[in-house]
Amino acid sequence: MQVADNKVVLIHYTLTNADGEVLDSSAGGEPLAYLHGKGNIVPGLENALTGKQVGDKQQVEVSPEEGYGLPNEELIQEVERNLFDGIDNIEVGMQFMAQTPWGEQPVVVTAVSDETVTVDGNHPLAGEVLNFDVEVAEVRDASEEELEHGHAHGAGGHHH
Ligand code: ZN
């Protein structure tokens with residue numbers, strides 16, 4: 001069975017950045033399960049996997065545009081420190097969920113002053129070239145429920 005839209009695909013992968021640092025890997029664990037054609041994984045990787053079969057291995061270089069996008073200045077904001085009432089020590093690197101016009105989004109603190117806190121809502125990998133070492137472990141038909149939800153269930157997928 002080939003990787004195609006509406007198939008559940010299980011992949012083993014190792015993700016490294018342009019410096020060769022390993023950012024994420026399924027090695028030694030369960031493969032990742034995703035529903036193909038639904039944008040569950042970055043577009044560059046999804047496109048590269050189309051038509052592949054179990055056992056196929058490849059290295060895929062994904063540009064920021066086909067990955068997590070380019071950093072967006074508008075997602076970096078300086079906000080009043082008193083918005084963080086009840087949190088005593090705000091430090092660079094802390095993560096929060098923020099209400100934005102696009103819904104709840106994770107942001108990371110990038111600067112702190114007496115009056116303000118700078119938060120960045122860009123994906124941590126925005127602007128990065130991603131190198132995926134990927135192997136197709138399994139391809140199967142999606143269930144009705146998976147198609148309805150737009151993601152894979154079971155091992156390596158969503159549990160709920
Ligand atoms: Zn679901």
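Residues numbered from 1 in each chain as written. Predicted model: local features only at pLDDT ≥ 70, side-chain atom pairs only at ≥ 80, totals over all residues. Heavy atoms only, no water.

Draft legend 1. Inspection of the overall build of the protein chain at higher detail. A tally of helices and strands in the protein chain yields two helices and nine strands. The linear arrangement of helices and strands in the protein chain, starting from the amino end, is β-β-β-α-β-β-β-β-β-β-α. Counting only C-alpha atoms, the protein chain reaches 60 × 35 × 30 Å along its principal axes. A total of 160 residues make up the protein chain; the buried ones form 36% of that total. (Helix = DSSP H or I, 4+ residues; strand = E, 2+ residues; numbered from the N terminus. Buried < 20%, exposed > 50% of the residue type's maximum accessible area, 1.4 Å probe, protein only.)

Draft legend 2. Inspection of the coordination of the zinc ion at higher detail. Here the zinc ion is held by the protein donor atoms His149 (ND1), His151 (NE2), His153 (NE2) and His160 (NE2), which lie 1.9 to 2.2 Å from it. In this structure, the zinc ion is surrounded by four donor atoms whose angles at the metal cover 97 to 125°, and the resulting shape is tetrahedral. In primary-sequence terms, the residues that donate to the zinc ion follow H-x1-H-x1-H-x6-H. You can see His149 sitting in helix α2 (residues 144-149) and its partner His160 sitting in the segment after α2, a full 11 residues away along the chain. The exposure class assigned to His149 is partly exposed, which follows from its relative accessible area of 34%. (Donors = N, O, S within 2.8 Å, 3.2 Å for Na, K, Ca; no water. Tetrahedral: all angles 85-135°; square planar, octahedral: opposite > 155°, others 65-115°.)

Draft legend 3. Quick look at the sheet that holds strand β6 (residues 95-100). Taken in spatial order, the four strands line up as β5-β8-β7-β6 in an open sheet, and their pairing is antiparallel. Looking at which strands have only one partner, the edges of the open sheet turn out to be β5 (76-80) and β6. With direction set aside, neighbouring strand axes in the sheet form an average angle of 45°. Strand direction decides the pairing type here: β6 and strand β7 (residues 103-112), joined by six bridges, are antiparallel. Bridging across to β7, Ala98 finds its partner in Gln105. (Pairing = 2+ DSSP bridges. Axes fitted to C-alpha atoms, helices over the stretch in contact; angles between N-to-C directions.)

Draft legend 4. Here's a closer look at the environment of Ala4. In this structure, Ala4 sits in the segment before β1 (7-16). Between the alpha carbons of Ala4 and Gly51 there is a distance of 6.2 Å; along the sequence they are 47 residues apart.

Draft legend 5. Representation of unusual backbone geometry within the structure. Positioned with a positive phi, Asn6 is a non-glycine residue whose angle comes to about 70°. Looking at the element boundaries, Asn6 is found in the segment before β1.

Draft legend 6. Inspection of the pattern of salt bridges at higher detail. Scanning the model with the defined rule gives two salt bridges in all. The partner of Lys7 in a salt bridge is Asp141, with the nearest N and O atoms 2.5 Å apart. In this pair, Lys7 is assigned in strand β1 and Asp141 in strand β9 (residues 130-141), connecting sequence segments 134 residues apart. Judged by relative accessible area, which is 19%, Lys7 ranks as buried. Assessed through its relative accessible area of 45%, Asp141 is described here as partly exposed. Measuring nitrogen to oxygen at the nearest pair gives 3.0 Å for the salt bridge that ties Glu146 to Arg140. Of the residues examined, Arg140 reaches a relative accessible area of 25% and is grouped as partly exposed. (Salt bridge = Lys/Arg side-chain N within 4 Å of Asp/Glu carboxyl O.)

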